[in-house]
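# Structural overview
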Amino acid sequence: VKCSTFDPFRFIIKGSLAGAAVYVAYDQGLLGSGTQGAEALRKAQAALPPAIQEWTSYLGWEVRAVQLPPTPEFDFSPSDSWNKGVQRVMSALSVAPTRACEYTVEGWKYVKDLIK
C-alpha cells in the first residue's frame, strides 16, 4: 500500500509553499522586532480596503465603503502577540530534531526492554 503522505512530489510542493510563506513573512518584517511587526500591520491595514474595492469591482460585486465594518480597536498590541507566537513556533521548530532523536532513542530502549 502506497502512502500518499510521503509522496515526494507532494512533499516538495508543501515544503516550497511553507518556505515561501516564511520568506514572505520575513521579507515583510513579521519575524523581526515588535516595531517591524507593528509597521507591517499598519501597512496591511492601509492596503486592505483598496484591495477589497479592486477585487469586488473586478468580480462585479457592488460594495460600498459604508457596508464594510470598521477596524476594531484593540486594547493590547496584536503585533507583540503575533511576534511572541512566531517566536514560540520557531523555538519549537528549532528543537524539534533534537527532541525527535531523544524520543526515538527512548522508544528503542523501551522496545529492547520489552524484547528481553
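Each remark here, short or long, concerns the structure printed above.
Note that the structure is a prediction, hence the values are computed from the model and not measured. (Residues numbered from 1 in each chain as written. Predicted model: local features only at pLDDT ≥ 70, side-chain atom pairs only at ≥ 80, totals over all residues. Heavy atoms only, no water.)

## Notes on the overall build of the protein
Scanning the protein for helices and strands turns up three helices and zero strands. Mapped from its N terminus to its C terminus, the protein presents α and β elements in the order α-α-α. Expressed as a percentage of its 116 residues, the buried residues of the protein come to 8%. When the accessible surface of the protein is split by element, carbon and sulfur atoms take 65% of a total near 10,300 Å². (Helix = DSSP H or I, 4+ residues; strand = E, 2+ residues; numbered from the N terminus. Buried < 20%, exposed > 50% of the residue type's maximum accessible area, 1.4 Å probe, protein only. Areas by Shrake-Rupley, 256 points an atom, 1.4 Å probe, with all protein chains shown as cover.)

## So, the pattern of salt bridges
This model, assessed by the stated rule, comprises one salt bridge. The shortest N-O distance in the salt bridge between arginine 99 and glutamate 102 comes to 4.0 Å. Taken as a pair, arginine 99 and glutamate 102 lie in helix 3 (residues 78–115) at a separation of three residues, close to a single helical turn. The class for glutamate 102 is partly exposed, based on a relative accessible area of 38%. (Salt bridge = Lys/Arg side-chain N within 4 Å of Asp/Glu carboxyl O.)

## Here we look at a nonpolar patch on the surface
There is a patch of nonpolar side chains on the surface, built from Val22, Tyr26, Leu31, Val89, Met90 and Leu93 and spanning about 560 Å² of accessible area. Secondary-structure elements contributing two or more residues to the nonpolar patch are helix 1 (8–27) and helix 3. The biggest single contributor to the nonpolar patch is helix 3, with three residues. Structurally, methionine 90 is set in helix 3. The exposure class of methionine 90 is partly exposed, given its relative accessible area of 37%. (Patch = residues over 30% accessible without salt bridge, like charges linked within 9 Å, V, L, I, M, F, W, Y side chains within 5 Å.)

## Some remarks on helix 2 (residues 34–59)
Here helix 2 spans 36 Å end to end across 26 residues, near enough to the 38 Å set by a 1.5 Å rise per residue. Taken as a whole, helix 2 carries its principal kink of about 30° at leucine 48; the proline proline 49 stands between one and four residues after it. When we look at burial in helix 2, the residues that qualify are Gly37, Ala38, Ala40 and Thr56. In the stretch just after helix 2, glycine 60 is the one whose phi turns positive, near 90°. (Expected span 1.5 Å × (residues − 1). Bend = angle between axes of the 7 residues up to and from the residue.)

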